[in-house]
Amino acid sequence: MNSLDSRSQILLKTLIERYIADGQPVGSRALSRFSGLELSPATVRNVMSDLEELGLIASPHTSAGRIPTALGYRFFVDSLLTVQPLDTTRVHELKGQLQPDQPQRLLNSASHLLSNLTQFAGIVVAPRKDAVRIRQFEFISLSENRILLIIVTTAGDVQNRILMTRRAYSASELSSAATYLNEHLAGLSFDEIRRRIMDELRQLRSDMTELMTATVDAGSAAAEETATRYVISGETNLLDIEDLSSNMSRLRELFKLFEQRTSLVQLLELSNKADGVQIFIGGESGLAPLDACSVITAPYEVNGQIVGSVGVIGPTRMAYDRVIPIVDITARLLSNALSSNN
């Protein structure tokens, strides 16, 4: 793809910039006018045809113009984009909004800041808490094969999970299982519980193995959610973006993703393993509800150690040159504020 000649690159860059600015498919006449190249509309059409064959642009059914594809945006971001750094005065303004007082308030402030500056959804993944430890388990039978598992942590958090079992368990069996778990496993983390219970399950009656295994699996998922939190602001901004609001079923899936949080946190945590800003365009995220979105993330640190990430979720048609430095500087300012707070 890097073998695109300079003429093709200029036309692709011009097309994407016009589309980001106007939201309308870009025709050959507009391209020949705005590109600065002295080319006839016929020549421009030929180049656009080549770019379409490469999968960088596409032609909507209702228009003679072209729009960028996710692959086109990716080439644009990687090879054609010039990012303008924020000026010093603006950085000082932002720094004033991230005062190193309470860490939790800082995370909320950073999320609001990202949302307000971009008019998209701003998200901050909080540092992981220490391993969640269990105070108590309780089982309540809901129907023949559905059991409510109640988990109380030593920090006082309560998590409920529905267990689906292959057979019905009597009230006395559920009571015995809870007594066993509470006597043997209270005060342990789920990693410790998993290691211990796999040994002990071999000595238990086989008809209780399914219930115990389901409890550990569900509890581990609950502990993971409790240990990893995120703060999100400005989700409703996405309702005002025509590129997204024109497909309400997809928008509902997106908001469901925000509620589920686990998949989204895993995506944002990928930036913890990378250096600097990461950009996921459309299907690159691997999450279907984000197919029409771009996610821009950056890790933040406390005293030199990466502990979380910040990000923005918006449509693929966004001003990348403006949003990328906002995410980058927010991560840096949050790192400074949290580090000076320790």
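The structure contained in this document is the topic of the report that follows. (Residues numbered from 1 in each chain as written. Predicted model: local features only at pLDDT ≥ 70, side-chain atom pairs only at ≥ 80, totals over all residues. Heavy atoms only, no water.)

### Observations regarding the overall build of the protein chain
Link 1 in the chain: Within the protein chain one finds 13 helices and 10 strands.
Link 2 in the chain: In terms of C-alpha radius of gyration, the protein chain reaches 26 Å, well past the compact-globule figure of 20 Å for 342 residues.
Link 3 in the chain: Taking the principal axes of its C-alpha atoms as reference, the protein chain extends roughly 85 × 50 × 35 Å.
Link 4 in the chain: Looking at the protein chain residue by residue over its 342 residues, the buried ones come to 45%.
Link 5 in the chain: In the protein chain, 61% of the contacts between residues at least 6 apart in sequence involve partners at least 24 apart.
Link 6 in the chain: If you sum the accessible surface of the protein chain, you get close to 17,000 Å²; carbon and sulfur atoms cover 47% of it.
Link 7 in the chain: For the protein chain, the separation between the mean place of its 33 positive charges and that of its 39 negative charges on side chains is 1 Å. (Helix = DSSP H or I, 4+ residues; strand = E, 2+ residues; numbered from the N terminus. Rg over C-alpha atoms; globule rule 2.2 N^0.38 Å. Buried < 20%, exposed > 50% of the residue type's maximum accessible area, 1.4 Å probe, protein only. Contact = heavy atoms within 4.5 Å. Areas by Shrake-Rupley, 256 points an atom, 1.4 Å probe, with all protein chains shown as cover. Lys, Arg positive; Asp, Glu negative; His and termini not counted. Charge placed at Lys NZ, Arg CZ, Asp CG, Glu CD.)

### What to know about the sheet that holds strand β10 (residues 305-315)
Link 1 in the chain: Here 5 strands make up an open sheet; going across it, the order is β7-β3-β10-β9-β8 and the pairing antiparallel. The outermost strands of the open sheet, each flanked by one partner alone, are β7 (230-233) and β8 (278-281). Direction aside, neighbouring strands of the sheet carry axes that sit 15 degrees apart on average.
Link 2 in the chain: Pairing of strand β9 (residues 293-302) with β10 involves 10 bridges; the strand directions are antiparallel. (Pairing = 2+ DSSP bridges. Axes fitted to C-alpha atoms, helices over the stretch in contact; angles between N-to-C directions.)

### Side note on a nonpolar patch on the surface
Link 1 in the chain: A cluster of nonpolar residues, Ile140, Leu142, Ile162 and Met164, forms a patch on the protein surface that exposes about 370 Å² of accessible area.
Link 2 in the chain: Taken together, the elements giving at least two residues each to the nonpolar patch come down to β4 (134-143) and β6 (158-164).
Link 3 in the chain: Positionally, leucine 142 belongs in strand β4. (Patch = residues over 30% accessible without salt bridge, like charges linked within 9 Å, V, L, I, M, F, W, Y side chains within 5 Å. Salt bridge = Lys/Arg side-chain N within 4 Å of Asp/Glu carboxyl O.)

Function cannot be inferred from these measures alone, as they are strictly geometric.
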